[in-house]
Amino acid sequence: MGPQNSRGFNPRTDVADSDFANIHLDQQAPLIGSVVISTQGRNDRYGAIPEPAQQLLRVMELKQIAKTVGFSRIKPEAKQHICLETPMEEPAWKLMSEKLPKHLQSRFVYQGKKVIVRGLGVLPVHKQMNDLIEWLGHLQGALPLAEQVQR
């Protein structure tokens, strides 16, 4: 056996400048300075990003948003609902849920340490994910910014 290449990863030489074209710091993202990677129409030297990898990035985005608005776990409930587990109390949930559009407010039901999203479980998984990312994004507006809390 010959010697193995153990030089490691060097971003200056191993990543083309075009690989950074869709990576940026998003100041409006849920976590300050979080990295947002756009995979829309993305190709690199190996071809298009596979669908499973794109779905994984969407799952990570959903988890990040859910965590910032106070949900610790997302799981199916019965066959047609999605359960969002949370340590928040009902008064906190009521304040947050006011940020949801009126047509969505009846779909979210607080039931003691969990919020049930009614009817979402019957949709295809990619649609569930996209809808939850969008809907939980509305809830982010209910949270005060860190600098406002510190004052």
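Below: a short report on this structure. All values derive from a computational prediction rather than experimental measurement.

1. Observations regarding the side chain of His 81
Phase 1 of the analysis: The residue His 81 is located in strand 6 (residues 81–85) in this model.
Phase 2 of the analysis: Polar side-chain contacts of His 81 include one of 3.0 Å to the backbone nitrogen of Gly 119.
Phase 3 of the analysis: For His 81, the residues in contact, after removing those within four places along its chain, are Pro 76, Ile 116, Val 117, Arg 118, Gly 119 and Gly 121.

2. What about the pattern of salt bridges?
Phase 1 of the analysis: By the definition in use, this model includes 6 salt bridges.
Phase 2 of the analysis: A salt bridge links Glu 61 to Arg 58; the nearest nitrogen and oxygen atoms lie 2.8 Å apart. Highlighted residues: Glu 61 and Arg 58, both in helix 2 (residues 51–68), separated by 3 residues, approximately one helical turn.
Phase 3 of the analysis: For Glu 61, a relative accessible area of 30% corresponds to the partly exposed category.

3. With respect to helix 2
Phase 1 of the analysis: Compared with an ideal rise of 1.5 Å per residue, which puts 18 residues at 26 Å, helix 2 spans 26 Å between its outermost C-alpha atoms and is within 8% of the ideal.
Phase 2 of the analysis: Here the buried face of helix 2 lies against strand 5 (73–77) and helix 5 (125–140).

4. Details of the environment of Ala 78
Phase 1 of the analysis: Note that Ala 78 resides in the loop between strand 5 and strand 6.
Phase 2 of the analysis: When the C-alpha positions of Ala 78 and Gly 121 are compared, they lie 8.4 Å apart, and in sequence the two are 43 residues distant.

5. Some details on the sheet that holds strand 7 (residues 108–110)
Phase 1 of the analysis: Strand order in the open sheet made by the 4 strands is 5-6-8-7, with antiparallel pairing throughout. Only two strands of the sheet have a single neighbouring strand rather than two, namely strand 5 and strand 7. Averaged over all pairs of adjacent strands, the angle between strand axes in this sheet comes to 25°, irrespective of strand direction.
Phase 2 of the analysis: By the bridge criterion, 4 bridges tie strand 6 to strand 8 (residues 114–117) in an arrangement that is antiparallel. By the bridge assignment, Glu 85 is partnered in strand 8 with Lys 114.

6. Structural notes on the nonpolar core
Phase 1 of the analysis: Of all hydrophobic cores here, the largest spans 23 residues; its most connected members are Phe 71, Leu 84, Trp 93, Phe 108, Val 117, Leu 136 and Leu 139.
Phase 2 of the analysis: Contributions of two or more residues to this core are made by helix 2, strand 6, helix 3 (90–97), strand 7, strand 8 and helix 5.
Phase 3 of the analysis: Looking at this core, the element that brings in the most residues is helix 5, giving 6 residues.
Phase 4 of the analysis: Setting aside its immediate chain neighbours within four residues, Phe 108 contacts Leu 84, Trp 93, Leu 100, Val 115, Ile 116, Val 117 and Trp 135.

7. Brief notes about helix 5
Phase 1 of the analysis: Over its 16 residues, helix 5 runs 23 Å from end to end, which matches the ideal 22 Å to within 8%, given 1.5 Å per residue.
Phase 2 of the analysis: Listed in full, the buried residues belonging to helix 5 are Gln 128, Met 129, Asp 131, Leu 132, Ile 133, Trp 135, Leu 136 and Leu 139.

Conventions used here
Residues numbered from 1 in each chain as written. Predicted model: local features only at pLDDT ≥ 70, side-chain atom pairs only at ≥ 80, totals over all residues. Heavy atoms only, no water. Helix = DSSP H or I, 4+ residues; strand = E, 2+ residues; numbered from the N terminus. Polar contact = N/O pair within 3.5 Å; in protein donor to acceptor, adjacent residues only side chain to side chain. Contact = heavy atoms within 4.5 Å. Salt bridge = Lys/Arg side-chain N within 4 Å of Asp/Glu carboxyl O. Buried < 20%, exposed > 50% of the residue type's maximum accessible area, 1.4 Å probe, protein only. Expected span 1.5 Å × (residues − 1). Pairing = 2+ DSSP bridges. Axes fitted to C-alpha atoms, helices over the stretch in contact; angles between N-to-C directions. Core = buried A, V, L, I, M, F, W, Y, C linked by side-chain atoms within 4.5 Å.

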